[in-house]
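Chain and residue survey
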Amino acid sequence: MNVRSWLLILAVVLTGTLVACGDDDDSENIGNGESPTAAAEDHATETGEATEVVSTSSGELRIAGSFVPATLQPLEDGYSIVQFGLAETLTRISADQQVEPWLAESITSEDDTVWTITLRDNATFWNGDPVDAAAVVASLAWSLENIPSAPQYLDAAVELEAIDERTVELRLPEATPALPNNLATFHLLITVPDESAFSGYQYTGPYQPVDHTPDTEMRLEAYPDHWAGPPPFAAVEVKLVRDANARMLALQSGEVDLVNQVPAELASNPGAGIEVVTTPSTRVHYIILNHQTPPFNDPAVREAFSIAIDRDILNEIALSGRGTPTWGPFAEGLGLPTIDPLTLDLERAASVLDEAGWTVGDNGVREKDGEPLELTLLTYASRPELPVIAVSIQDQLGQLGFDITIEQSEDIVASLSDPAFDAGMFSVNLVPIGDPRYAFNVTLIDVAIYNYGGYSNARLNEIMTELQTERDESAREALIIEAQEIVAADFANTYLISAPRIVAYRTDAVAPFTLHPNDLYQIDETLRPASSGS
Amino acid sequence: MARLLIMRIAAIIPMLVAISVLAFGLHSLAPGDPARLLVEASGLSPAPPEAVAAKRAELKLDQPIATRYVTWLAGAAQGDLGRSYRTYEPVSRMYLERLPATLALAAAATLISATVAIPLGIFAAFRHGTSIDRAAQFIAVFGAAAPGFWVALMLTYLFGARLGWLPVFGSVTPRGIILPALVVALPFISILTRLTRASALDVLSSDFINVARMKGLRESAIALRHALPNVLVQITPLLSLELAGLLSGAAVVEYVFAWPGIGRLAVDSALLRDTPVVVGFAVATGIAFALANLAADIIIALIDPRQRAV
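Residues numbered from 1 in each chain as written. Chains lettered and ligands numbered in written order. Predicted model: local features only at pLDDT ≥ 70, side-chain atom pairs only at ≥ 80, totals over all residues. Heavy atoms only, no water.

**Comments concerning the overall build of chain A**
To be explicit about the condition: Numbering of helices and strands starts at the N terminus; helices are DSSP runs of H or I of at least 4 residues and strands are runs of E of at least 2. For the exposure calls, accessible area comes from a 1.4 Å probe over protein chains only, and a residue counts as buried if that area is under 20% of its type's maximum, exposed if over 50%, partly exposed in between. Contacts are residue-level and defined by heavy atoms, with any inter-residue pair within 4.5 Å sufficient. Using a 1.4 Å probe, the Shrake-Rupley method yields the accessible areas, and only the shown protein chains count as cover for residues.
Along chain A, the regular secondary structure elements total 14 helices and 22 strands. For chain A, the residues scored as buried account for 57% of the 534 residues in total. Across chain A, contacts joining residues at least 24 apart in sequence account for 67% of those joining residues at least 6 apart. A total accessible area of about 20,700 Å² is found for chain A, and carbon and sulfur atoms account for 48% of it.

**Thoughts on the overall build of chain B**
For clarity, the cut-off: Only four residue types enter the charge count, namely Lys and Arg as positive and Asp and Glu as negative; His and the chain termini do not. Lysine's charge is taken at NZ, arginine's at CZ, aspartate's at CG and glutamate's at CD.
What chain B contains, in helices and strands, is 14 helices and zero strands. Structurally, chain B occupies a C-alpha span of about 80 × 55 × 30 Å along its principal axes. Across chain B, the fraction of contacts at a sequence separation of at least 24, relative to all contacts at a separation of at least 6, is 71%. Here chain B displays about 13,800 Å² of accessible surface, and carbon together with sulfur accounts for 70% of that area. Computed over 25 positive and 18 negative side-chain charges, the inter-centroid distance for chain B is 8 Å.

**Let's talk about a nonpolar patch on the surface**
Residue and element names in this part refer to chain B. Going by this rule: To count toward a patch, a residue needs a relative accessible area over 30% and no salt bridge; like charges are then connected within 9 Å, while nonpolar side chains (Val, Leu, Ile, Met, Phe, Trp, Tyr) are connected within 5 Å. The working definition used for a salt bridge is a side-chain nitrogen of Lys or Arg within 4 Å of a carboxyl oxygen of Asp or Glu.
Together, Phe138, Ile139, Phe142, Phe149, Trp150, Met154 and Val252 give the surface a local cluster of nonpolar side chains, amounting to about 690 Å² of exposed area. Elements supplying a minimum of two residues to the nonpolar patch: helix H6 (131–145) and helix H7 (148–162). Turning to its location among the elements, Trp150 is positioned in helix H7.

**A closer look at the side chain of Asp268(B)**
To be explicit about the condition: Here a polar contact is recorded for every N or O atom pair within 3.5 Å, except that within protein the pair must consist of a potential hydrogen donor and a potential acceptor, and residues adjacent in sequence are included only if both atoms are side-chain atoms.
One can find Asp268(B) in helix H12 (residues 262–271). Classification of Asp268(B) by relative accessible area gives buried; the value is 9%. A polar atom in the side chain of Asp268(B) sits 2.6 Å from the side chain of Tyr255(B). Beyond its immediate sequence surroundings of up to four residues, Asp268(B) is in contact with Arg242(A) and Tyr255(B).

**Some points on the sheet that holds strand E6 (residues 159–164) of chain A**
What holds strands together in a sheet is hydrogen bonding between their backbones, with the strands either parallel or antiparallel. Residue and element names in this part refer to chain A. Applicable threshold: Pairing between strands is defined by DSSP: at least two bridges between the two strands are required. In this description, a line fitted to the C-alpha atoms serves as the axis of each element, helices being fitted only across the stretch in contact, and the angle between N-to-C directions of two axes falls anywhere from 0 to 180 degrees.
If you trace the four strands from one edge of the open sheet to the other, you get E4-E5-E7-E6, paired in antiparallel fashion. The open sheet has two edge strands, strand E4 (104–109) and E6, and neither has a second partner. Taking each pair of neighbouring strands and ignoring which way they run, the sheet shows an average axis angle of 20°. Both strand E5 (residues 114–119) and strand E7 (residues 167–171) contribute to a ladder of five bridges, which runs antiparallel. Bridge assignment links Ile117 to a residue of E7, and that residue is Val168. Each of E5, E6 and E7 touches helix H4 (residues 133–146); the most contacted strand, E6, lies at about 170° to it.

**Here's the deal with the pairing of strand E1 (residues 60–65) of chain A**
Residue and element names in this part refer to chain A. A large share of E1 lies buried, amounting to six of its six residues. Of the two faces of E1, the one lined by Glu60, Arg62 and Ala64 and the one lined by Leu61, Ile63 and Gly65 are each fully buried. Of the pairings in the sheet, the one linking E1 to strand E12 (residues 235–240) comprises six bridges and is parallel in character. Within E12, the residue paired with Ala64 across the bridge is Lys239. The sheet contact formed by E1 and strand E13 (residues 258–259) spans two bridges and is parallel. Pairing of Ala64 across the sheet is with Val259, part of E13.

**A closer look at the sheet that holds strand E16 (residues 359–360) of chain A**
Residues and elements named next belong to chain A. If you trace the three strands from one edge of the open sheet to the other, you get E16-E17-E18, paired in antiparallel fashion. Edge positions in the open sheet fall to E16 and strand E18 (371–372), since each of these has one partner strand only. Bridge analysis of E16 against strand E17 (residues 366–368) gives two bridges, and the strand direction is antiparallel. By the bridge assignment for E17, Val360 is matched with Arg366.

**Quick look at the confidence of the model for chain B**
The test is simple: Scored from 0 to 100, pLDDT reflects the predictor's confidence in each residue.
Across chain B, pLDDT averages 82, with 95% of residues at or above 70. Prediction confidence for the complex, expressed as pTM and ipTM, is 0.76 and 0.71 respectively.

**Concerning the nonpolar core**
To keep it simple, the criterion reads: Within this scheme, the nonpolar core is defined by two criteria: the residues are buried Ala, Val, Leu, Ile, Met, Phe, Trp, Tyr or Cys, and they are joined through side-chain atoms within 4.5 Å.
Among the nonpolar cores identified, the biggest contains 213 residues, and Leu90(A), Phe305(A), Ile393(A), Phe402(A), Phe426(A), Phe440(A) and Leu460(A) are the most heavily contacted of them. Of all the elements, helix H5 (residues 91–126) of chain B adds the most residues to this core, at twelve residues. One finds Ala23(B), Leu265(B), Val279(B) and Val283(B) within the second-largest nonpolar core, a separate group that totals 15 residues.

**Focus on the packing of aromatic side chains**
All names here are of chain A. The cut-off we apply is this: Aromatic contacts are taken between Phe, Tyr and Trp rings whose centres are within 6.5 Å, Trp giving its six-membered ring; a plane angle under 30 degrees counts as stacked, one over 60 as edge-to-face, and the others as tilted. Only when the NZ atom of a Lys or the CZ atom of an Arg is both within 6 Å of the ring centre and within 35 degrees of the ring normal do we say a charge sits over the ring.
The tally for this structure, following the rule as stated, stands at 19 aromatic pairs over all chains. When the centroid spacing of 6.2 Å and the interplanar angle of 15° are considered together, the rings of Tyr201 and Tyr203 count as stacked. The class for Tyr203 is buried, based on a relative accessible area of 0%. One aromatic cluster is present, built from ring pairs that chain together Tyr286, Phe426, Tyr450, Tyr452 and Tyr495. Above the plane of the ring of Tyr521 lies Arg92, whose end atom (NZ or CZ) is 4.4 Å from the centre. The ring of Trp327 carries Arg311 above its face, with NZ or CZ at 3.6 Å from the centroid.

**Re the pattern of salt bridges**
For the coordinates displayed, the defined rule picks out 25 salt bridges over all chains. Among the ionic pairs, Arg506(A) bridges to Asp508(A), the shortest N-O distance being 3.3 Å. For Glu97(B), the salt bridge goes to Arg93(B), with nearest N and O atoms at 3.7 Å. In this pair, Glu97(B) and Arg93(B) both sit in helix H5, four residues apart, roughly one turn of the helix. We classify Arg93(B) as partly exposed; its relative accessible area is 40%. What you see here is one network of salt bridges that share partners, running through Glu60(A), Arg219(A), Glu221(A) and Glu237(A).

**Concerning H7(B)**
Each turn of an α-helix holds 3.6 residues, which means side chains three or four residues apart point in the same direction. To be explicit about the condition: One fewer than the residue count of a helix, multiplied by 1.5 Å, yields its expected span. The quantity called bend is, for any residue, the angle between two axes fitted respectively to the seven residues ending at it and the seven beginning at it.
The first and last C-alpha atoms of H7(B) sit 20 Å apart over 15 residues, in line with the 21 Å expected at 1.5 Å per residue. Along its length, H7(B) shows its largest kink, about 30°, at Thr156(B). Considered for burial, the residues of H7(B) that qualify are Val151(B), Ala152(B), Leu153(B), Leu155(B), Thr156(B), Gly160(B) and Ala161(B). Each element contacted by the buried residues of H7(B) is listed here: helix H6 (244–253) of chain A together with helix H8 (178–204) and helix H11 (251–256) of chain B. Gly164(B), located one to two residues past H7(B), shows a positive phi value of around 70°.

**Looking at the pairing of strand E19 (residues 374–379) of chain A**
Residue and element names in this part refer to chain A. For clarity, the threshold we go by: For crossovers, right-handed means that the path from the first strand over the helix to the second runs clockwise, given strands pointing away from the viewer.
Two elements, E19 and strand E20 (residues 403–408), share six bridges in a ladder whose sense is parallel. Residue pairing in the sheet places Glu374 in a bridge with Asp403 of E20. Crossover handedness for the path E19 to helix H10 (residues 385–398) to E20: right-handed.

**Digging into the packing of H5(B) against H6(B)**
Residue and element names in this part refer to chain B. In plain terms, the rule: Helix crossings fall into two classes, left-handed where the near helix is turned counterclockwise from the far one by less than a right angle and right-handed where it is turned clockwise. Under the scheme applied here, ten amino acids are nonpolar (Ala, Val, Leu, Ile, Met, Phe, Trp, Tyr, Cys and Pro), four are charged (Asp, Glu, Lys and Arg), and all others, including Gly, are polar.
One can describe the packing of H5 onto H6 by two numbers: an axis separation of 8 Å at closest approach and a directional angle of 145°. Remark: the crossing between H5 and H6 carries left-handed chirality. From H5, Leu120, Phe123 and Ala124 reach across to H6, where they touch Ile132, Asp133, Ala136 and Ile139. Per-class residue counts for the contact of H5 with H6 are six nonpolar, no polar and one charged.

**Concerning the side chain of Arg62(A)**
All names here are of chain A. Position of Arg62 among the secondary structure elements: in strand E1. A relative accessible area of 9% means that Arg62 is categorised as buried. A distance of 3.4 Å separates a polar atom in the side chain of Arg62 from the backbone oxygen of Glu255.

**Considerations on the environment of Tyr380(A)**
All names here are of chain A. Relative to the assigned elements, Tyr380 resides in the loop between E19 and H10. Between the C-alpha atoms of Tyr380 and Glu407, which are 27 residues apart in sequence, the distance is 8.3 Å. With near-sequence residues (within four places) excluded, Tyr380 lies in contact with Leu386, Pro387, Gln408, Ser409, Ile412, Met425, Phe426 and Ser427. Within the local environment of Tyr380, its side chain forms a polar contact with the backbone nitrogen of Ser427, the two atoms lying 3.2 Å apart.

**Quick look at unusual backbone geometry**
Residue and element names in this part refer to chain A. Residue Pro295 is bonded to the preceding Pro294 through a cis peptide linkage, with omega at 0°. Even without glycine at this site, Gln97 takes up a positive phi of about 70°. Of note, Gln97 is situated in the loop between strand E2 (91–93) and strand E3 (99–101). For Gln97, a relative accessible area of 4% corresponds to the buried category.

Right under this line is the structure:
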């Protein structure tokens, strides 16, 4: 056999492999309760041409995002299951942070201890079974037993009883005025384990999965018997595209209709026929200060540190001006009670430090009793804007006499758990269920899980205890205001920017819609085909 | 030949054990708590301590590394590479699900790079010192210097978003594979062109080529019958390594083109500390490289009779 023969064989093998590519994508399918073969056939039919020609006239919404869930199970990916319109909770949070009914038609209580939930009369699981009182009781009990975080929202000692077909009674050990908010958490989504279902669970949402490749893509189809009527789109295709530039290019080319998590710097010139929607979110970027060690155990340093940072500059350089500068845990415009914000005041920052004995040394760094005003600011890469913000803060405060070293942490929680840290960038959704108490309870009170800095204020702790049982709405609001004033006066943390939610869509495919501040609500009835109008 | 095969295959097993020890050990010692990262990846960010504790217990991460490794090895010996911490899928199935897309991309990229680089390198050698030679070298330098993600985005912008000729997303279809394969092939075209040119220059100065010329053979005949076989002997190992490397995925390209390949799976799993997937990936990559090297040895032995006696 001569060389030409070998080359011919090589070419035939490689060409054969290439040509065969068109038939090989059936192996990307998995699915519970469906044979691999069947799933493969479905997938080949559905996605074989998906990247080439997909008609939007059929009512299909194609989404490119930075995330596709790894599983469709409530224990692992409850957040995503609600986010993508698969599952629903009894209540949900509106764009202005008010509780509104969802699977529940109403929730009432005389004493905030015994709650009566009236269910919709037409809600069903995907298998057609009604979402009746017995099913809701079973679902809540299942969540309390199986989901570690569920008892934070619903006391595990609750007594659940199906009064009649549409009425559930919850008897709690103590008054819980925020129960309607708590029932909006994804940890308490309504489900029935069902091994025969594609996802292994029956849910109630407007879209149900027919194909799912973990961390890659997911195809949803409308659940026609959804209680709110047939969903606007017949199908939703979600594709994971990690690179933000590639997501926007796919939108421009018309291969997708909607792109989530658009980086602020790409939102300015999206291209013809593309609309960008921005809204402030309940996620806040802030700096946790260590109150237990120098220099932040000195109130003057905390105050100067906070009021000398120009949030507008941070917003401009890190988020192209699309974020919302904030001086407290709640950004303006979210419908939450807020106090008058502090203001940038470089002169006061300097005088506060001077009065506290922090004088400028020969090298421009302030010092007190021979100790320089130096600190390490931790940051992390998974939120790309945070390191940029850290650098700007280093520059701004350097002019005031702070000597800041930036350290990128591989594991920010572990780094902040080290009692010796000085300050660390952090980012949390501070109002996930419309209840402003959450921000204080998880980040600021003595036992808060994210109170890494050891901040402590007795009155703040008392307020949060009072709010657990305070039923009067105006009194609750007054307490929330007082709590914010305490946090502001103590300069407990340095709040910086409310991160924006940015979504881009093709105007020929999707009708104009209002973006929810909480990305838990991503695919719902507000997303409609362009032909249906807004 | 048979002895060669037996020796090479026998050497693969201890190599795979060594790879798994290294992968398991290094990955376990890396900073970061897998339980916390996995909880955060499910939407709970930052992760509540009780959820982290539950996840740690569930994954048996509180056991010593050695115990976990021995458990894994016992399963691997029976073909069970464990299950993903995240998706609970068997690692072998996750790998096999992504293998066709990875194979397709690797084969297409190898085909493109060989088809372009070998003729270009030989032609440049025949036209040594001319503008054609310089053009070939420019292509080689450009291919090596241009970052893959940049080339990917530029090609996507031009052919996908602007001209609309090709899909922005890669897919295992004739049209969908062109851009990803081209981007993956580009650096290999560069390396292969330079190596082919150097090898061809070496061969062209040999006595047997001078004899062929004196006998009056045409240049094309000299290139195909005499130069090419000798060049192939020298570049086959590189081609096999290229193929093996691509079988372990091309993460950057997979990210930009949303290509459902092994590279993206490996990177995502490494970032989320999904140890079973990472270790399985390391073992599978080791197998790919071992087999590719073996294939290269066989091909070289078939092309070059002198190698068969070794």
